[in-house]
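In case you want the letters, here they are:
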Amino acid sequence: MTSKSAGLAGFSRNFLCGAAAIALFAPVAAFAQDSAEEEVDTSNQGNNIVVTATKREQTLQEVPVAVSVTTAETLERDQIRDIRDLQSVVPSLTVGQRQSSANTGFFIRGFGNGANNAGIEPSVGVFIDGVYRSRTASSISDLPNVQRIEVLRGPQSTLFGKNASAGVISVTTEEPQFDFGGNAELTYGNYDAVVGRAYVTGPLSDMVAVSVGAGINSREGFFQDLGTGNETSNRDRWYARGQVLIDNGTNLSLRVIADYDSIDENCCGVVNVQNGPATAAVIGVGGAVTNPNDPFADVVINNFDSTNDIENWGVSGQLDWDIGDFTFTSITASRTTEAVTFQDSDFSSADLIYPNAQDLEIDTFTQEFRLTGSIGDRVDVLLGAFYINEDVTQSNQLLYGADFRNYANLLVGNLSGGAFVLTPSPLFPSGVPLEQVFSQSFGTNYVGTFFNQGQGFTEAYTLDSEAFSLFGQVDIELVDGLVLTLGGNYTDDSKRFTQEAISSDVFSSIDFDAPQLAPFRGQVLTQGAIAATVGDLLNLGRSATAAEVGAFAAGNPTAFGQVQAGAVAFANANVNNPLANPLNPLRALQFLPPFLGVPNAVEPGTTNDDNFSYSVRLAYDVTPDVNIYASYATGFKASSINLSRDARPSLTDRAAIIAGGLAQPNQTYGSRFAGPEESTVMEVGVKANFDVASFALTVFDQEIEGFQSNIFTGSGFVLANAGSQSTFGVEFEGSLFPTDGLTLSGAVTYLDPTFDSFLLSAQGDISGTTPSGIPEWTVILGAQYEADLGNAMLIPRVNYLWTSEFQLVEGLPSFAVKGPDGSIIDGGPAIAAGLPFTGEQSDLTASLTYEHDSGVSISIWGRNLLDHRTLGTVFDSPAQPGSVSGYPNDPRTYGITGRFRW
């Protein structure tokens, strides 16, 4: 796909390091001077914003870590409804939605994973009111009365007990108030979007306050489905949330939260971005696919709706008890996610796959204990323990539809150049009918058995995990303004999993290399060698046809005898060579080979990991307004399990599996799980806060060893450890307050990521390449003016996100040249196949808000006002060899919102 020029790519790393060093250590007297004699209320602007990033209340200026804060005001005025929209205002954060409404992936500084693979806990930890949300399906719902969202960049394992190897997204909502109040809002937008939310809070007694919030969010789909006549990528969700706060007014409080949300949507819109040989076969059975030359026509083509029925609910309790100079905190939570999804995974109007279904349940219990406080005037202490117990139960089904047999017959003919068919076809009159050949060779009647409706894959997975962490941090003020921070985290994580699947796909069980097929392979190799040699002798530039071979033999009997002898010799030498098997092109149609379940005699289906992570940081207040810091931190994430049909035994277990008689027909190898991630980051930064400006600058070098790469293949996932992925980066965030009411903001992120070592990726060895989905440059610019109208304010606001061009995928696995065991012989074609697909962002958000002192406000707003269209990612089209599909981004949206606060 074409993209706009990056423009700034010429800046070198040396220049950035030099500029950063100047900014870190140069005098800042120009900012330090008083800009005016009059006092300005700056209590909630710039780096004065109060955050809890270090598990205690501090201003953003005081927190010596790389953290971005999105306030409630920004959430409202930029129409940020859920975490997915955050990337438009938070630098270094990328959010993508794939496969289903529940599948949202978070990436910080280019590090992250998760996607729709329920066996993977994200590298970016999401916490809502202190409760860890272990899967993206449980963290995307609309939230009432959010106070702020903090995004902490880099490993945070010494502050958060669970999986924060790449960073943390922490959402804080308002607790119940002892003053009666509330708010209500109603939004209407294009695509018939309707959003309604209400929130009420108040006291029941001097010690008890409650709050109740609820909301609905509905919208027509962004994409018209020309196959079903319906729409997809719509909104149809609602939530309810209640809280009780018991506070004795002195030293004890208990906050209990119960919530429920429901999603019932068609998602997500997929388009063809490249047609392959399979496209003609789709059309041949009366089907249709979208036009790859116009991926942003906002149309999709399916033969049934891809539905998502998702429910989340949970309850949590937080106890805070002040004991002298210390506070003891206990957070207990139990959560459940249930998701039932159906997807038309062939993304065509032909009835090829029906359905690709998943039934998922996740039950999670977490418990955190924390003790925070001070020892004297110079030491602050945090000690904590975290426990999680989680059960994942998942069943999947992928079945062939009514059109698949005819489609496969055409595709076999196309892939073999007309040499083979499943069953006799007038389109390929010389094609050898494989069902008859295989019946004769194996002595089993295969006629009429390949790719029948209802054949497919039925799967069942379970994952039981348990982990505990002991973590702590101490801040020691060595001298006035100089603070040394030491932190540590010990984690022990164990998992037990099962992977079971039954394949009823007869064709995928045929071993093309079986000795019973040797005579047939020899015959085909002989005929092919004769045709190729005669073509060369006649200078045809191709293999000779049967008629041309016959004519040559009749006119040149001696020469033909020599050709024939050479062809027989070639066939005899290669009849049992898997790489020369003439049936190899048809391996692409063996979608669903038999599956070796786990546990088995070789694979126990268990993992157990433990790790000690630590952090060291030195921060110094150069002046009351300027702070500099340097840190070194490590992070950890335990093994992740591949709960998908692409889970395969490791190559290291191959010999044991064969020796134990466990190998299945067409047994391939890959991975069942990915081992732990271990991250390190070196970081230096400066933060400054003045009356007229504030800024934060960070320079870092981050590396994750064993990064868990999770590649979507269209109907499953390839999960593998990279040897090492590293990123050098520079991040700048700043705000300028030139006059009363006017705020100018800007953020720039430069990232230089590399796979230092990745030998066994889904595309082969990609060591030294750039990881996909990570722009070199990200720029966010914003402006807001609060015009005082006496008893009201008029607030125009604008925000613009731009990124340089970036690669959407490292490659497309189906294009790799593979051996019969699934090992990659040549990954070059896979890497080359992904090169044409790039993305970039150019997202303009704007709003105009009228706020009256009575509590009434009206906003007119728009998102993606430039209607910039790009692809979120691309992947191999399922069951369509050579074709590529992709997810287009959302189009322009706009609307009007009315609010009332009391």
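Provided above is the structure to which this section pertains.
As a starting point, this report considers the structure included with it.

## What to know about the pattern of salt bridges
Opposite charge on two side chains makes pairing possible when the charged atoms of those side chains draw close. Evaluation of the coordinates by the stated rule reveals 30 salt bridges. Residue E733 is joined to R153 by a salt bridge in which the shortest nitrogen-to-oxygen separation is 3.4 Å. Residue E733 is located in strand β35 (residues 724–736), and its partner R153 is located in strand β8 (residues 146–153); the two are separated by 580 residues in the primary sequence. The buried category is assigned to R153, whose relative accessible area is 5%. A salt bridge links R654 to D821; the nearest nitrogen and oxygen atoms lie 2.7 Å apart.

## A look at the pairing of β35
The pairing of strand β32 (residues 693–705) with β35 spans 13 bridges and is classified as antiparallel. In the strand pairing of β35, F695 is matched with G734. Summarising the sheet, β35 and strand β36 (residues 742–757) pair through 13 bridges and their orientation is antiparallel. Its bridge partner lying in β36, S724 is registered against S757. Hairpin connection of β35 to β36: five residues between the antiparallel strands, including G741 at a positive phi of 95°.

## Considerations on the side chain of D821
Relative to the elements of secondary structure, D821 occurs in the loop between β41 (817–818) and β42 (824–826). In terms of polar contacts, D821 uses its side chain to reach the side chain of S823, at 2.6 Å. If near-sequence neighbours (up to four positions away) are discounted, D821 is found in contact with L651, R654, Q667, T668 and Y669.

## Focus: the packing of helix α7 (residues 518–537) against helix α8 (residues 546–555)
Packing of α7 against α8 brings their axes to within 10 Å, and their N-to-C directions diverge by 70°. In terms of their interaxial angle, α7 and α8 are classed as roughly perpendicular. Read as a crossing pair, α7 and α8 show a hand that is left-handed. Here I530, A531, V534 and L537 of α7 lie close against α8, whose contacting residues are E548, V549 and F552. Looking at side-chain class alone, the contact of α7 with α8 contains six nonpolar, no polar and one charged residues.

## A look at the sheet that holds strand β18 (residues 299–300)
Taken in spatial order, the three strands line up as β14-β13-β18 in an open sheet, and their pairing is mixed. The strands lining the two open edges of the sheet, one partner per strand, are β14 (231–232) and β18. In terms of strand pairing, strand β13 (residues 223–225) meets β18 through two bridges, oriented parallel. Looking at the pairing, Q224 lines up with V299 of β18.

## Thoughts on the state of the cysteines
Overall, the coordinates contain one disulfide when judged by the stated rule. Bridging C267 to C268, the disulfide has an S-S length of 1.9 Å. With the S-S bond torsion at 75°, the cross-link from C267 to C268 turns out right-handed. The same class applies to C267 as to C268, namely buried.

## Observations concerning unusual backbone geometry
For the bond running from C267 to C268, omega is 10°, close enough to zero to count as cis. One non-glycine residue with positive phi stands out, namely F451, at about 60°. The backbone of N864 sits at a positive phi, close to 50°, despite the residue not being glycine. Relative to the elements of secondary structure, N864 occurs in the loop between β45 (856–863) and β46 (871–876).

## Side note on the packing of aromatic side chains
Counting across every chain of the model gives 35 aromatic pairs. With a centroid separation of 5.4 Å and an interplanar angle of 35°, the aromatic rings of F404 and F451 are classed as tilted. Of the two residues, F404 is situated in helix α5 (residues 404–415) and F451 in the loop between α6 (434–442) and β25 (456–479); the sequence distance between them amounts to 47 residues. By relative accessible area, F404 is classed as buried at 0%. For F451, a relative accessible area of 0% translates into the label buried. Between F695 and F732, the aromatic rings sit 6.1 Å apart at their centres with planes inclined by 25°, giving stacked as the arrangement. On the criterion of sequence distance, the pair formed by F695 in strand β32 and F732 in strand β35 is long-range, its members being 37 residues apart. Since its relative accessible area comes to 11%, F695 is described here as buried. Among the aromatic residues, those joined into a cluster by ring pairs are Y400, F404, Y407, F438, F442, Y446, F450, F451, F507, F512 and F591. Over the ring of F222 we find R219; its NZ or CZ atom is 3.8 Å from the centre of that ring.

What counts, and at which threshold
Residues numbered from 1 in each chain as written. Predicted model: local features only at pLDDT ≥ 70, side-chain atom pairs only at ≥ 80, totals over all residues. Heavy atoms only, no water. Salt bridge = Lys/Arg side-chain N within 4 Å of Asp/Glu carboxyl O. Helix = DSSP H or I, 4+ residues; strand = E, 2+ residues; numbered from the N terminus. Buried < 20%, exposed > 50% of the residue type's maximum accessible area, 1.4 Å probe, protein only. Pairing = 2+ DSSP bridges. Polar contact = N/O pair within 3.5 Å; in protein donor to acceptor, adjacent residues only side chain to side chain. Contact = heavy atoms within 4.5 Å. Axes fitted to C-alpha atoms, helices over the stretch in contact; angles between N-to-C directions. Parallel < 35°, antiparallel > 145°, perpendicular 65-115°, else oblique. Left-handed = near helix turned anticlockwise from the far one by under 90°. Nonpolar A, V, L, I, M, F, W, Y, C, P; charged D, E, K, R; others polar. Disulfide = S-S within 2.5 Å. Phe/Tyr/Trp six-rings, centres within 6.5 Å; stacked < 30°, edge-to-face > 60°. Lys NZ or Arg CZ within 6 Å of the ring centre and 35° of its normal.

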